[in-house]
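Read off the chains here:
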Amino acid sequence: MNFVSIRIITGDVARLVGFYERATGVQASWANDDFAELRTASATLAIGGTRTVPLFAPGSAEPAANRSVIVEFLVDDVDGVYKNLTEFVRDFVNEPTTMPWGNRALLFRDPDGNLVNFFTPVTPEAVERFAR
């Protein structure tokens, strides 16, 4: 099995897509006004509007209600990325911090309040883990 994507449901697709395009530098591919994807070499971040929810099951997802999932992006230089993000990210949870498992991580919230983690492996063990 391969992990393919994670989807965020939002009340404002254009705003959230614009945020992630700016934060990641990845241009979104739009299917329509209610759905876009930011594709990387290893996974896709899909962003869907609330009008897509009934296609799965009415009431099955709710925008801006996540309190348990963290969307994570592996970046080359988390400290450099942090400097760029300070221009438009409004809610940083922490500044770049080296975690006990060997990643230097930056945690912030997107405009819907979802947690986002940009990280860079910095210890030899962490670098090896992500060298696949």
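Located above this text is the structure these notes cover.
Each chain has its residues counted from 1, following the order in which its sequence is written. Only residues with pLDDT of 70 or above have their local features reported here, since the model is predicted, and side-chain atom pairs are shown and tallied only from 80 upward, although totals for entire chains, interfaces and linings are computed over all residues. Working from all heavy atoms in the structure, the side-chain values ignore hydrogens and water.

Engineer: Can you tell me about the pattern of salt bridges, naming the residues and giving the values?
Structural biologist: Every case where a carboxyl oxygen of Asp or Glu lies within 4 Å of a side-chain nitrogen of Lys or Arg is listed as a salt bridge. What the rule picks out here adds up to six salt bridges. Across the pair R104 and D79 runs a salt bridge, and its minimum N-O distance is 2.8 Å. With R104 in strand β7 (residues 103-109) and D79 in helix α3 (residues 78-85), this residue pair connects regions lying 25 residues apart in the sequence. Per the convention used, a helix needs a DSSP run of H or I reaching at least four residues, while a strand needs a run of E reaching at least two, with both numbered from the N terminus.

Engineer: Could you give an account of helix α1 (residues 13-24), with specific residues and numbers?
Structural biologist: In an α-helix, one full turn covers 3.6 residues, which means residues spaced three or four apart are oriented alike. Multiplying one less than the number of residues by 1.5 Å gives the expected span of a helix. Spanning 12 residues, α1 covers 16 Å between terminal C-alpha atoms, matching the ideal 16 Å at 1.5 Å per step. Burial classes follow relative accessibility: with a 1.4 Å probe on protein chains only, a residue under 20% of its type's maximum area counts as buried, one over 50% as exposed, and anything between as partly exposed. Those residues of α1 lying buried are V13, L16, V17, F19, Y20, E21 and A23. At the C-terminal side of α1, G25 shows a positive phi close to 80°.

Engineer: Requested: an account of the side chain of D112, with residues and values cited.
Structural biologist: Assignment of secondary structure puts D112 in the loop between β7 and β8 (115-121). The exposure class of D112 is buried, given its relative accessible area of 10%. Here a residue-residue contact requires only that any non-hydrogen atoms of the pair lie within 4.5 Å. Ignoring any residue separated from it by four or fewer positions in sequence, one finds D112 in contact with I9, T10, G11, R15, L16 and A64.

Engineer: How would you explain the environment of N114 if you had to name every residue and give the values?
Structural biologist: Its place among the elements puts N114 in the loop between β7 and β8. Classification of N114 as buried rests on a relative accessible area of 6%. Residues N114 and E125, spaced 11 residues apart in sequence, show a C-alpha to C-alpha distance of 29 Å. Once residues lying within four places of it in the same chain are set aside, the contact partners of N114 are I8, N66, F108 and R109. The term polar contact refers here to a pair of N or O atoms within 3.5 Å; inside protein, the definition further demands a hydrogen-donor-capable atom paired with an acceptor-capable atom, and it admits residues adjacent in sequence only when both atoms are side-chain atoms. A distance of 3.5 Å separates polar atoms of two side chains, one belonging to N114 and the other to N66.

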